[in-house]
Amino acid sequence: GACSRTATATTTSGSSGSDAIPMTIPHRARVFWPLFSAWVALDFISKRLVESHLTPHVENDVIGGFVRFTLTYNTGAAMNISLGGASRVAFTGLAIVMLAVIFGMYRLTRADETIQPVALALIAGGALGNLLDRLRSVKGVVDFIDVGIGDSRFWTFNVADAGVTCGAILLMIVLWRAPGDKQG
């Protein structure tokens, strides 16, 4: 369609010539891969900047006292869910399974779809961002975004967590609104 772009790939046959084969890049790929890559990069860069410029557990106001950057390390999962000494291995395994499921869902997404690839890219980018942290350091995942009023604070999180959360909400909406087999 109008959204398709055609790239030309060249293959060499056994002879001295080459044949041009048109290759269409699906719209979902042009949505998913740039966002996925950008989200992983943004997460990685933000965490390294925070680690190099902030002292752990020292609050740094960004927007008054409402948004602060406070460097912490989380060896557990979302909201500090912990499995004790098994946390690193268990949550690494869970992230790998989650990425496999997300990439499987991506492959099943219609080629012309936009919103579902956005949701999947945010989830996958966030999952990979936190997985890289778990593999990189025994300290755990770098968290630093601290939101709240006074002593009433949300759990400290990072760019990867924001991607997983926003992507999961968006994916739920997409799947809820998707036409399905209605019985009745």
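Quick note: structure is the one above.
Residues numbered from 1 in each chain as written. Predicted model: local features only at pLDDT ≥ 70, side-chain atom pairs only at ≥ 80, totals over all residues. Heavy atoms only, no water.

1. Observations regarding a nonpolar patch on the surface
Next up, step 1: Side chains of F44, I45, L49 and L132 sit close together on the surface and give an oily, nonpolar patch of about 350 Å² of accessible area.
Next up, step 2: As for its position among the elements, I45 is in helix α1 (residues 27–53). (Patch = residues over 30% accessible without salt bridge, like charges linked within 9 Å, V, L, I, M, F, W, Y side chains within 5 Å. Areas by Shrake-Rupley, 256 points an atom, 1.4 Å probe, with all protein chains shown as cover. Salt bridge = Lys/Arg side-chain N within 4 Å of Asp/Glu carboxyl O. Helix = DSSP H or I, 4+ residues; strand = E, 2+ residues; numbered from the N terminus.)

2. Section: the environment of G93
Next up, step 1: Here G93 lies in helix α2 (residues 87–108).
Next up, step 2: Judged by its relative accessible area of 31%, G93 falls in the partly exposed class.
Next up, step 3: Taking the C-alpha atoms as reference points, G93 and L131, 38 residues apart in sequence, are found 9.2 Å from one another. (Buried < 20%, exposed > 50% of the residue type's maximum accessible area, 1.4 Å probe, protein only.)

3. Observations concerning helix α4 (residues 159–177)
In an α-helix there are 3.6 residues to a turn, and that puts residues three or four apart on one side.
Next up, step 1: A rise of 1.5 Å per residue sets the reference length of α4, with its 19 residues, at 27 Å; its end C-alpha atoms lie 27 Å apart and thus fit the reference within 8%.
Next up, step 2: Taken as a whole, α4 has its buried residues at V159, A160, G163, G167, L171 and V174. Viewed end-on, α4 has its buried residues packed into an arc of 90°, placing them on one side of the element. Among the exposed residues of α4, those oriented more than 90 degrees off its buried face are M172 and W176.
Next up, step 3: One side-chain oxygen of the residue at the start of α4 lies 2.9 Å from the amide nitrogen of A160, identifying that residue as N158. (Expected span 1.5 Å × (residues − 1). Arc of directions from axis to C-beta. Polar contact = N/O pair within 3.5 Å; in protein donor to acceptor, adjacent residues only side chain to side chain.)

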